[in-house]
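Listed here are the chains, written in short residue letters.
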Amino acid sequence: MLLAGVFFALMNVSVKYIPHIPAIEIIAFRSVISLVISYIFLRKQKVNVFGNNKKWLVIRGIVGSIGLISFFYTLQNIPLASAVTIQYLSPVFTTIFGIFLLKEKVKPIQFLFFAISFAGVLVIQGVDARVDTFWAVVGIISAIFSGLAYNVIRRLKNTEHPLVIIFYFPLVTLPFALIVSAFGWVNPEGWDWAILLFIGICTQTAQYFLTVAYQNANVSKVASLTYIGIVYALIFGFFFFGETFNALAYVGMGLVLLGILLNMRIKQVSS
């Protein structure tokens, strides 16, 4: 999970480096690269590329696609650390959906911790003029569908190879991304091509490590390891994009992380 966090951080920075390329177009390129890499490795390992539980594989592809598309748009429209922090609400939804999909238990006090995290998002949105309500909501939508995706990955742990789960992600995403991109296509130029390739490789690598982690450990415990990503986001945002925040914005980020980490601690103790 720590390795996944490193590659996701590199992907996030790369997406912000090409704001002139529409997010949906970046996702189309990323999907092509991921689809090809996954297919090659699955064929080499003689694994059935279409898997066994096709229904849940398609569902994983759909919810994962919605989560990724909405996250890429928030990355391009608000500061890096803010986008990453809001997306880090996903473990809240991972835990809530886990009640219904995985029959995991949630203690009443955990809902207080969830409220603390949401309060943090409200603080960030309220004190940072660069984060308007629309993009904050889009970020929350990304977190919701990411939470769903993580639960589906866990559900598929006993029936599917990790690369099959990853293969369905671009398989479902690519047709939609290509159709939408066609209406506002921007031709990449120069270094754009290298950055797009790098995004695809980073995303593929991160997705592989993330899938393996969620398939082999308790959902809530694994999710708690993602939060080193906020450190990457703050550092990269400052050095690459000159992004700074006022004290209250840092308080908001802290509240999001505090609520999530308290929740993870309760889950770990109870398990």
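Residues numbered from 1 in each chain as written. Predicted model: local features only at pLDDT ≥ 70, side-chain atom pairs only at ≥ 80, totals over all residues. Heavy atoms only, no water.

S.K.: For helix H5 (residues 90-101), give the residues involved together with the corresponding values.
M.R.: Taking 1.5 Å per residue, 12 residues should reach 16 Å; H5 reaches 15 Å between its end C-alpha atoms and fits that length. Ser 90, Pro 91, Val 92, Phe 93, Thr 94, Thr 95 and Gly 98 are the residues of H5 that are buried. Of the residues one or two after H5, Lys 103 is the one with positive phi, at around 60 degrees. (Helix = DSSP H or I, 4+ residues; strand = E, 2+ residues; numbered from the N terminus. Expected span 1.5 Å × (residues − 1). Buried < 20%, exposed > 50% of the residue type's maximum accessible area, 1.4 Å probe, protein only.)

S.K.: Tell me what's going on with a nonpolar patch on the surface, and back it up with residues and numbers.
M.R.: A surface patch of nonpolar side chains, about 790 Å² in accessible area, is lined by Leu 2, Tyr 17, Ile 228, Val 231, Ile 235, Phe 238, Phe 239 and Phe 240. Taken together, the elements giving at least two residues each to the nonpolar patch come down to helix H1 (2-17) and helix H11 (229-241). Residue contributions to the nonpolar patch peak at five residues, all from H11. With respect to the helices and strands, the residue Val 231 is situated in helix H11. (Patch = residues over 30% accessible without salt bridge, like charges linked within 9 Å, V, L, I, M, F, W, Y side chains within 5 Å. Areas by Shrake-Rupley, 256 points an atom, 1.4 Å probe, with all protein chains shown as cover. Salt bridge = Lys/Arg side-chain N within 4 Å of Asp/Glu carboxyl O.)

S.K.: I'd like to hear about the environment of Val 164, residue by residue, with values.
M.R.: With respect to the helices and strands, Val 164 occurs in helix H8 (residues 162-181). Measuring from C-alpha to C-alpha, the distance between Val 164 and Tyr 39 comes to 8.6 Å, with 125 residues separating the pair along the chain. Residues within four places of Val 164 in sequence aside, it is in contact with Leu 42, Val 47, Asn 48, Val 49, Phe 50, Gly 51 and Leu 57. (Contact = heavy atoms within 4.5 Å.)

S.K.: Explain the nonpolar core residue by residue, including any values.
M.R.: Ile 26 and Phe 72 are the most contacted members of the largest nonpolar core, which totals 50 residues. Setting aside anything within four residues of it in sequence, one finds Phe 72 in contact with Met 11, Val 15, Ala 23, Ile 26 and Ile 27. In terms of nonpolar packing, the next biggest core, distinct from the first, is built from 21 residues, Ala 4, Leu 35, Ile 153 and Ala 213 among them. (Core = buried A, V, L, I, M, F, W, Y, C linked by side-chain atoms within 4.5 Å.)

S.K.: Please set out the packing of aromatic side chains residue by residue, giving values where relevant.
M.R.: A complete count under the given rule lists 17 aromatic pairs for this structure. Measuring from centroid to centroid gives 5.9 Å for Tyr 208 and Phe 209, while their planes differ by 65 degrees, and the two rings are edge-to-face. The class for Tyr 208 is partly exposed, based on a relative accessible area of 34%. Seen in terms of ring centroids, Phe 236 and Phe 240 are 5.7 Å apart; in terms of plane orientation they differ by 65 degrees. Their pairing is edge-to-face. Placement of both Phe 236 and Phe 240 in helix H11 is noted, with a separation of four residues, approximately one turn of the helix. The class of Phe 240 is partly exposed, set by a relative accessible area of 42%. When the ring centre of Phe 169 is taken as origin, the NZ or CZ atom of Arg 30, which lies over that ring, is 4.6 Å away. One residue, Arg 130, lies across the ring of Phe 245, its end atom 5.0 Å from the ring centre. (Phe/Tyr/Trp six-rings, centres within 6.5 Å; stacked < 30°, edge-to-face > 60°. Lys NZ or Arg CZ within 6 Å of the ring centre and 35° of its normal.)

S.K.: Residues and numbers for the environment of Ala 206, please.
M.R.: Position of Ala 206 relative to the elements: it lies in helix H9 (residues 192-216). As for Ala 206 and Ala 28, which are separated by 178 residues in sequence, their C-alpha atoms are 17 Å apart. Residues in contact with Ala 206, not counting those within four places in the same chain, are Ala 4, Phe 7 and Phe 8.

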